[in-house]
Amino acid sequence: MYWDKAVETLPAGELEALQLRRLRETVARALLSPFYRERLEAAGVTPESIRSLEDVQKIPLTTKDDLRRRGPDFLTVPKTELVRLHASSGTTGQATVIYYTREDIEAWADLVARSMYMTGVRPGDVFQNMMGYGLFTGGLGFHYGGERLGCLTIPAGAGNSARQIQLMRDHGATVIHIIPSYALYLLNHFEALGVDPRDLPLRLAFIGAEPHSEDMRRRIEAAYGLKAFNSYGLSEMNGPGVAFECPEQNGMHVWEDAFLMEVLDPGTLTPAAPGTVGELVFTNLTRRGMPLLRYRTRDLASYDDAPCPCGRRMKRLSRIQGRTDDMIIIKGVNIFPLQIEQVLMSLPEVHTNYLVELSRKNFNDIMTVKVEVREEFFTEDLRQLNALRKRITEALKSELLVTPVVELVEPHTLPAGEGKAVRLVDRRSEG
Ligand code: COA
Ligand code: AMP
Ligand code: ZN
């Protein structure tokens, strides 16, 4: 039932003592990086000035923009000690890069293995990982966790639906990691192939990377005949394996021996009470190469600190309720509207107005981008217009990593960009 019983069931007081010790060590470590040396010195923070966990509030907050602008300045080790990097979308088309040492990769794999073990995965399970490999953390992050636990791990990656089903059948997958909307969309392929997923040996699924409801979880569980567990993480805190549901399915336990969590009132940035929704802020407690202090996730959730019947005391997070910024998640890929704007405005044929509409058909997310074409480029020649549409589609896909449906419209036919124009309409909850 426990991967690491001593840590997972640490009694009251001992967990906090461990966190405080690790927080002071992390502050000492962070001072080795040019970024935090500047920040912490300016704020007068030293390891000795952290006398209680509440003292974490003396440390200035770190933002995605800090990471984007100062990336390598966060390193506390020479570059030669790094063995991996991952990246996540940045607000202005420049990705946020996270670097890992060998110890960081091992510690991360251990947290993912712990998460999987908690839900009932055991050595000998066949684990099919259907997340994007490459720069996304969901691919390699879960892959290493599955291997560490002792699963036969299938690096299926995202996409190619018929092959996903074939792989599950050929190798007898018992555990899958899948984006929740894709799990429901994949049912169309099962149906077309005349295969009932309930006839396969599948028994557990991890679903995460995008917001989803209890209803979606229950639909996945019923259609596949398995138990589905919510999995939360973000690249800046390694990736998956930050918070994970236990068999009670009553919130996601935060691995507090590795992450110090704060939930802050988004207005005042002061601590929110249990049960009150606020912004999640995390501090790494065990990372070596690139520890982050008080990282603002922009994710909104609440927490429960009551003991859980599973025997773990670590706090439980609610589902993610939203964001404090305008980031959207499509097919498990994070997108900032500014990225779309920058791609479009770099194209001479595009007029100033555009409109992005998100919809969902059979659980497949569709991003339609309506673009006004400048008068001089708007022609009756369909071939030319089609070539332009293709070029815009390619440019957007290359920046966003998902393929939009681009529609070209005549100038001045979309709502004008006066003041704060509404350029994004999300209709996915209607679909
Ligand atoms: N996960 C996995 N596969 C998906 C998917 C999802 N969320 N959404 C769609 N797909 C499948 C489609 O069914 C299609 O396969 P098929 O034609 O065999 O049915 C294939 O991927 C391409 O679909 P398309 O709609 O043309 O994709 P796209 O170009 O807009 O996006 C993806 C390509 C799906 C590969 C990209 O969105 C992706 O990598 N998503 C996963 C991101 C991820 O792993 N996030 C985790 C972060 S930790
Ligand atoms: P990335 O850094 O690319 O891994 O993306 C991390 C973001 O994905 C988080 O900050 C959340 O906004 C979102 N996310 C990850 N897991 C979940 C989940 N289980 N539920 C809702 N949103 C999630
Ligand atoms: Zn529990």
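The shown structure was predicted, so the numbers you read here are calculated from the model rather than taken from an experiment. (Residues numbered from 1 in each chain as written. Chains lettered and ligands numbered in written order. Predicted model: local features only at pLDDT ≥ 70, side-chain atom pairs only at ≥ 80, totals over all residues. Heavy atoms only, no water.)

Take the overall build of the chain next. Helix and strand counts for the chain stand at 11 helices and 21 strands. Relative to the globule expectation of 22 Å for 431 residues, the C-alpha radius of gyration of the chain, 23 Å, shows essentially globular dimensions. Taken along its principal axes, the extent of the C-alpha atoms in the chain is 75 × 60 × 45 Å. Burial analysis of the chain (431 residues in total) assigns 54% to the buried set. Of the accessible surface of the chain, which amounts to about 18400 Å², a share of 51% is contributed by carbon and sulfur atoms. Between the centroid of the 52 positive side chains of the chain and the centroid of its 57 negative side chains there is a distance of 3 Å. (Helix = DSSP H or I, 4+ residues; strand = E, 2+ residues; numbered from the N terminus. Rg over C-alpha atoms; globule rule 2.2 N^0.38 Å. Buried < 20%, exposed > 50% of the residue type's maximum accessible area, 1.4 Å probe, protein only. Areas by Shrake-Rupley, 256 points an atom, 1.4 Å probe, with all protein chains shown as cover. Lys, Arg positive; Asp, Glu negative; His and termini not counted. Charge placed at Lys NZ, Arg CZ, Asp CG, Glu CD.)

Turning our eyes to something else, we now look at the sheet that holds strand E7 (residues 227–234). Strand order in the open sheet formed by 9 strands is E4-E3-E5-E6-E7-E8-E9-E14-E13, with mixed pairing between adjacent strands. The sheet is open, and its two borders are formed by strand E4 (152–154) and strand E13 (303–304), each paired with just one other strand. Examined bridge by bridge, E7 and strand E8 (residues 239–245) share 4 bridges and lie antiparallel to one another. Directly across from leucine 234, in E8, lies its bridge partner glycine 239. Across the sheet, helix H7 (residues 161–171) touches strand E3 (126–129), E4 and strand E5 (175–178), and the angle it forms with E3 is around 170°. On top of the sheet, helix H9 (residues 214–224) reaches strand E6 (204–208), E7 and E8; it is set at about 130° to E7, its chief contact. (Pairing = 2+ DSSP bridges. Contact = heavy atoms within 4.5 Å. Axes fitted to C-alpha atoms, helices over the stretch in contact; angles between N-to-C directions.)

Further remarks concern the site of ligand 1. Looking at ligand 1, there are 21 residues lining it, with Gly132, Gly159, Ser161, Lys331 and Thr403 nearest. Serine 161 is positioned with one of its backbone polar atoms (N or O) 2.8 Å from an oxygen atom of ligand 1. A distance of 3.0 Å separates an oxygen atom of ligand 1 from a polar atom in the side chain of lysine 397. Those elements that provide at least two residues to the shell around ligand 1 are helix H6 (137–149) and helix H8 (180–193). Examining the composition of the shell around ligand 1, we find that 3 residues originate from one element, H8, more than from any other. (Near = heavy atom within 4 Å. Polar contact = N/O pair within 3.5 Å; in protein donor to acceptor, adjacent residues only side chain to side chain.)

Aromatic ring pairs are defined here through the distance separating the ring centres and the angle between the ring planes. Overall, the coordinates contain 14 aromatic pairs when judged by the stated rule. Look at tyrosine 36 and phenylalanine 74: their rings are 5.4 Å apart centre to centre, the planes differ by 85°, and that puts the pair in the edge-to-face class. Linking tyrosine 36 in helix H3 (residues 34–43) with phenylalanine 74 in the loop between helix H4 (64–70) and strand E1 (82–88), this pair joins segments that are 38 residues apart in sequence. On the basis of relative accessibility, which here comes to 1%, the residue tyrosine 36 falls in the buried class. Plain terms: the ring middles of tyrosine 182 and tyrosine 185 are 6.1 Å apart, the flat faces sit at 35° to each other, and that makes the pair tilted. You can see tyrosine 182 and its partner tyrosine 185 sitting in helix H8, 3 residues apart, about one turn around the helix. Residue classification places tyrosine 185 among the partly exposed residues on the basis of a relative accessible area of 21%. (Phe/Tyr/Trp six-rings, centres within 6.5 Å; stacked < 30°, edge-to-face > 60°.)

A separate point is the coordination of the zinc ion (ligand 3). Around the zinc ion (ligand 3), the protein contributes the donor atoms Cys246 (SG), His253 (NE2), Cys308 (SG) and Cys310 (SG), which lie 2.1 to 2.3 Å from the metal centre. The site at the zinc ion (ligand 3) holds 4 donor atoms, and with the angles between them running 102 to 117°, its shape is tetrahedral. Taken in sequence order, the residues that donate to the zinc ion (ligand 3) follow the motif C-x6-H-x54-C-x1-C. Cysteine 310 sits in the buried class, given a relative accessible area of 3%. (Donors = N, O, S within 2.8 Å, 3.2 Å for Na, K, Ca; no water. Tetrahedral: all angles 85-135°; square planar, octahedral: opposite > 155°, others 65-115°.)

This brings us to the site of ligand 2. Of all residues adjacent to ligand 2, which total 19 residues, the nearest are Asn230, Ser231, Ser235, Asp299 and Asn334. Within the backbone of glutamate 210, one N or O atom sits 3.4 Å away from a nitrogen atom of ligand 2. Within the side chain of asparagine 334, a nitrogen or oxygen atom sits 2.9 Å from an oxygen atom of ligand 2. Compared with its free state, where it exposes 500 Å², ligand 2 has 90% of that area covered by protein. Ranked by residues supplied to the shell around ligand 2, first place goes to E7 with 5 residues. Class assignment of the residues belonging to the shell around ligand 2 gives a composition of 7 nonpolar, 8 polar and 4 charged. (Nonpolar A, V, L, I, M, F, W, Y, C, P; charged D, E, K, R; others polar.)

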